[in-house]
Each structure stands twice: as structure tokens, then as C-alpha cells.
Amino acid sequence: MSFTFTDYAVEVLVDADKPLTYQEIWEIGKNKGLDQRLNTTGKTPWQTLGARLFVEVRDNPRTEFIKIGSRPARFFLKARASQLPDDIIEKIEVSERKEREPKSKYTERDLHPLLSYFAYTNPTFSRGKSILTKTIFHEKSKKHGYSEWSHPDLVGFHLPLEDWNPDLIEFNRISDNNALKLFSFELKKSITKGNYREAFFQAVSNSSWANEGYLIAAEIKQDDELLSELERLSMSFGIGVIHLDLNDIDSSGILYHAKYRPQLDWETMNKLSEQNDDFRQFIKDVKIDFDSKRIHKSEYDSVIEDPESYIKKIRGC
């Protein structure tokens, strides 16, 4: 008899000390090697596991599982239900709010080259356009009299110099000058229930001046409640969310798109220029590129050619 997704969940939950989300069941089972026993070729087997569990508790009166809570739903074995205290969900939520970021050998700044690679190469983000980035070093800023939440980690831009006729570029200069598109990026190693609000509103504060602002992380906990909250905040404040997938960098993607702002915040950009030499130089370089109708890539963060080797290096593999 073949090993099924429900068998997979049973083997995990028989040893669990609390109800688990389907994502947690998948990760624990994978660490035990149970995924190797499944006969599946799907690219997202954890989603298949979740679908099977939801159908089981909804449609099968003889199911071995019970569902506890709704956002997110958690699963446990019906035969062990009497072992759970009445306030188990409250205890889990308190524990999750205290959750610390997972430890990793790399730093946030180690992720900058990977974001530059993503912005330049990822078709869902760049749509074939040349988007270049520049790191803004916070330590160079004059902090007196300013909010600490005003510096983006990276900035980016796109000028359609390769796509537009040179005469049209000149015409744009004397009209509404909307050819330029500016991006702001706030980068984190991980986003969890314990830090998502601070991380998101730091991105809001740091990205109010740009056409599009993004919060990016290499690790985003796969939790329905967390993802729903990030989606709600993204829709409310217009900040996009990007996952940098270190296991397969080319599978990185936009979880939630940023809302495009047609008008730049010139007052904030002026403040950033006065406060930080990197940002001021970035503005100068973009202007030079626009005037010369040629992108000088050497003035911006380089795009790494072998991201897989770089990821192994920063992970210490």
C-alpha cells in the first residue's frame, strides 16, 4: 500500500506536543525524511498536504484528525484530543509572539547582492527592464535631528533608455518627465509573527518617497495568519512583499505587489540627500545617466553572475 499524505500527517502528529499547521507538519515530516516516501511529483507538496487535511476534517466523518482554530487552522490527532488543555491556542499564540528570528550565518547586508540580482533578472519583478540598485550605507548618515526610520537599505531605478527613441527621451524631459521609476527596499533576514509589524512599518517609513516600496526577506514563515496579515498591511499601505528564496534564487518572487505612486515625495528625497551621501550620489548618478542617455552600471551595485555559489558561501556550505 502506498504511503499517502494522510499517513505523512499521522506519523508527524503522533509525536506532536501541540496542534500544528499543515506547513509545520510538512517541515517536521521532511526533517524526518517522510517526504521521500511520498509518490508525488508536484512542486508544492505542502499545499497538497494542506488540501488533503482540510478535505479530511470537512468531509470524512471517520477522519483521524481534528482541526483547531481557523487563522491559522491547526491539526491534531482525534485520538489524542483529550491530552490538549482548553487554552492551547492562546498558549501557542503567546509563544509565537515571543518567537525569535532563526539563527543564520549570513547577515542582512550579505543579502544585498541577491536582491540586486533579483531586481535585475527576475521577470515577474523587472518584466524584462533593467532595474539597477544601490546600497545605502546607514553608517554614513548624519542622524542628528532625524528619525532612525528614514533610510532604505537599497534604492533602485529604471530608465527606459534602451526602449525609447532618443527623441522621445528629450520630449519627456520638457513634458511631465515620468520616464524615471524609483524603488525603495527594506531588507530583513526573516519575517515572523514576532517581528513582522516592526519590519513592515519600517518599510513604510523608509519607502514613502519612492514610486514603489518593498519589504524583502530571505525567510518568511509559512503561516496562514502571518501571510494574511502581511497581505492586509500591503493592501492598506501599498508596500510590496518579496521573498528571496535562498534554496532556489530564481524561484524568488513577489508575494504582494507594491502600489505604484505616480508622484515622488521630493521633500523626503531632499532630506535623504542632505542626510546620506550614498543617496545623494545615487540621485546624481541617475541624473547623469538620464542626461547622457547611457546607463553607467559601474556606479551601482553589481549583479552577481553565479548566485548559487554566492549563497553557498554566505551560508558556510
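Before any of the text, the structure's been laid out above.
Since this is a predicted model, take the numbers as computed values, not measurements.

Asker: So what exactly am I meant to see when it comes to the environment of Trp266 here?
Answerer: Here Trp266 is to be found in helix H10 (residues 266-275). Sequence spacing of Trp266 and Trp209 is 57 residues, and the spatial spacing of their C-alpha atoms is 7.1 Å.

Asker: Which parts of the structure should I look at to understand the packing of aromatic side chains?
Answerer: In this description, a pair of aromatic rings is defined by centroid distance and the angle of the planes. All chains considered together, the criterion is met by 18 aromatic pairs. Summarising the aromatic geometry, the rings of Phe157 and Phe282 are spaced 6.0 Å apart at their centres and angled 70° between planes, so their arrangement reads as edge-to-face. Placement of Phe157 in strand S4 (residues 154-158) and of Phe282 in helix H11 (residues 277-292) is noted, with a sequence separation of 125 residues between them. Considered together, Phe157 and Phe282 belong to a single accessibility category, that of buried residues. Seen in terms of ring centroids, Phe201 and Phe237 are 5.1 Å apart; in terms of plane orientation they differ by 85°. Their pairing is edge-to-face. Pair noted here: Phe201 is in helix H8 (residues 196-206) and Phe237 is in helix H9 (residues 224-237), with a separation of 36 residues, a long-range link. For Phe201, a relative accessible area of 22% corresponds to the partly exposed category. Owing to a relative accessible area of 39%, Phe237 belongs among the partly exposed residues under this scheme. Taken together through their ring pairs, the aromatic side chains of Phe118, Phe125, Phe183, Phe185 and Tyr214 make up a single cluster.

Asker: Before we go on, may I ask you to explain the pattern of salt bridges in this structure?
Answerer: Between side chains of opposite charge, a pair can form when the charged atoms approach closely. According to the stated counting rule, one finds ten salt bridges in the structure shown. With its nearest N and O atoms 3.6 Å apart, the salt bridge here joins Glu186 to Lys188. Each member of the pair, Glu186 as well as Lys188, is classed as buried. Notably, a salt bridge pairs Arg280 with Asp277, separated by 2.2 Å at the nearest N-O pair. One end of the pair is Arg280 and the other is Asp277, both in helix H11 and three residues apart, which spans about a single turn. Each of Arg197, Glu229 and Arg232 takes part in salt bridges that share partners, so that together they form one network.

Asker: Would you mind going over the nonpolar core with me for this structure?
Answerer: A general tendency of soluble globular proteins is for nonpolar side chains to be buried together. Ranked by size, the top nonpolar core spans 26 residues in total, and within it Leu111, Leu114, Phe125, Phe185, Tyr214, Ile216 and Leu244 carry the most contacts. Elements that contribute at least two residues to this core include exactly helix H5 (112-121), strand S5 (181-191), strand S6 (212-220) and helix H12 (307-315). With residues up to four places along the chain from it excluded, the contact list for Leu114 reads Leu244, Leu246, Ile249, Ile304, Pro307, Tyr310, Ile311 and Ile314. Core analysis: the next-biggest nonpolar cluster, separate from the first, contains 24 residues, Ala9, Ala16, Trp26 and Phe65 among them.

Asker: Explanation requested: a negative patch on the surface in the structure shown.
Answerer: A grouping of Asp248, Asp250, Glu305, Asp306 and Glu308 is seen on the molecular surface, where their side chains present a negatively charged patch. Structurally, the position occupied by Asp306 is in the loop between H11 and H12.

Asker: Sorry, what's going on with the sheet that holds strand S3 (residues 132-135) here?
Answerer: Note: strands within a sheet are paired through backbone hydrogen bonds, in either parallel or antiparallel orientation. Spatial ordering of the open sheet is given by S3-S4-S5-S6-S7-S8, a layout of six strands whose pairing is mixed. Lying at the two open borders of the sheet, with one neighbouring strand each, are S3 and strand S8 (253-256). On average, each strand axis in the sheet is inclined to that of its neighbour by 30°, with strand direction left out of account. Pairing of S3 with S4, which is carried by four bridges, proceeds in the antiparallel orientation. Pairing of Thr133 across the sheet is with Gly156, part of S4. The strands that H11 touches are S3, S4 and S5; relative to S4, the one it contacts most, it runs at about 10°.

Criteria and thresholds
Residues numbered from 1 in each chain as written. Predicted model: local features only at pLDDT ≥ 70, side-chain atom pairs only at ≥ 80, totals over all residues. Heavy atoms only, no water. Helix = DSSP H or I, 4+ residues; strand = E, 2+ residues; numbered from the N terminus. Phe/Tyr/Trp six-rings, centres within 6.5 Å; stacked < 30°, edge-to-face > 60°. Buried < 20%, exposed > 50% of the residue type's maximum accessible area, 1.4 Å probe, protein only. Salt bridge = Lys/Arg side-chain N within 4 Å of Asp/Glu carboxyl O. Core = buried A, V, L, I, M, F, W, Y, C linked by side-chain atoms within 4.5 Å. Contact = heavy atoms within 4.5 Å. Patch = residues over 30% accessible without salt bridge, like charges linked within 9 Å, V, L, I, M, F, W, Y side chains within 5 Å. Areas by Shrake-Rupley, 256 points an atom, 1.4 Å probe, with all protein chains shown as cover. Lys, Arg positive; Asp, Glu negative; His and termini not counted. Charge placed at Lys NZ, Arg CZ, Asp CG, Glu CD. Pairing = 2+ DSSP bridges. Axes fitted to C-alpha atoms, helices over the stretch in contact; angles between N-to-C directions.

Any functional reading would require information that these geometric values do not contain.
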